Amino acid sequence: AKAAAELREQEEKAARLAAVQEAARRSEREAAERTGAAEQAALREAEELAEALRRSEVDAEEAALARRVSRCEEAVSSESTGGAGSCSGVSIGWRRASARRPRAASRSGSAPSSA
């Protein structure tokens, strides 16, 4: 009888140990899932920030080219000779910058009008 009681006690300990081990494995899986989700969110945020930076750099370049084109148009219209001087290559640069991304309909008015 004593041996049977010890055997039951050993089986109960084994069952408790198995339950604790399963709980630990479940906790590890959940932690790994949370870590993976956090890493994915961080990667998405980094990609979004990189894209926003790229767009702002393109916007800044487009704005600088637009100002240069505007200055050149003013200079050309005010000169009686009609020479472009330092404005050569501006229209080519503008086309290159504009070709980097399609123009959105909501951004109308940011590009200089062609005269």
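Look a little higher up for the structure.
Every value quoted in this text rests on a predicted model; they were computed, and no experiment measured them.

### Quick look at the overall build of the chain
- Helix and strand counts for the chain stand at two helices and zero strands.
- Expressed as a percentage of the 115 residues in the chain, the buried residues total 10%.
- Contacts in the chain between residues far apart in sequence, at least 24 positions, make up 59% of those at least 6 positions apart.
- Split by element, the accessible area of the chain, about 9000 Å² in all, is 55% carbon and sulfur.

### Topic: a negative patch on the surface
- Together, Glu6, Glu9, Glu11 and Glu12 make up a region of like negative charge exposed at the surface.
- Along the chain, glutamate 9 falls in helix α1 (residues 2-78).

### Quick notes on the pattern of salt bridges
- A full pass over the atoms with the stated rule returns five salt bridges.
- Between glutamate 51 and arginine 54 there is a salt bridge, with its nearest N and O atoms 2.9 Å apart. Here glutamate 51 and its partner arginine 54 are both found in helix α1, three residues apart, which amounts to about one turn of the helix.
- Across the pair arginine 55 and glutamate 51 runs a salt bridge, and its minimum N-O distance is 3.5 Å. Taken together, the residues arginine 55 and glutamate 51, both in helix α1 and four residues apart, mark about one turn of the helix.
- Using a relative accessible area of 36% as the deciding quantity, one classes arginine 55 as partly exposed.
- By sharing partners, the salt bridges in this structure join Glu22, Arg25, Arg26 and Arg29 into a single network.

Criteria and thresholds
Residues numbered from 1 in each chain as written. Predicted model: local features only at pLDDT ≥ 70, side-chain atom pairs only at ≥ 80, totals over all residues. Heavy atoms only, no water. Helix = DSSP H or I, 4+ residues; strand = E, 2+ residues; numbered from the N terminus. Buried < 20%, exposed > 50% of the residue type's maximum accessible area, 1.4 Å probe, protein only. Contact = heavy atoms within 4.5 Å. Areas by Shrake-Rupley, 256 points an atom, 1.4 Å probe, with all protein chains shown as cover. Patch = residues over 30% accessible without salt bridge, like charges linked within 9 Å, V, L, I, M, F, W, Y side chains within 5 Å. Salt bridge = Lys/Arg side-chain N within 4 Å of Asp/Glu carboxyl O. Lys, Arg positive; Asp, Glu negative; His and termini not counted. Charge placed at Lys NZ, Arg CZ, Asp CG, Glu CD.

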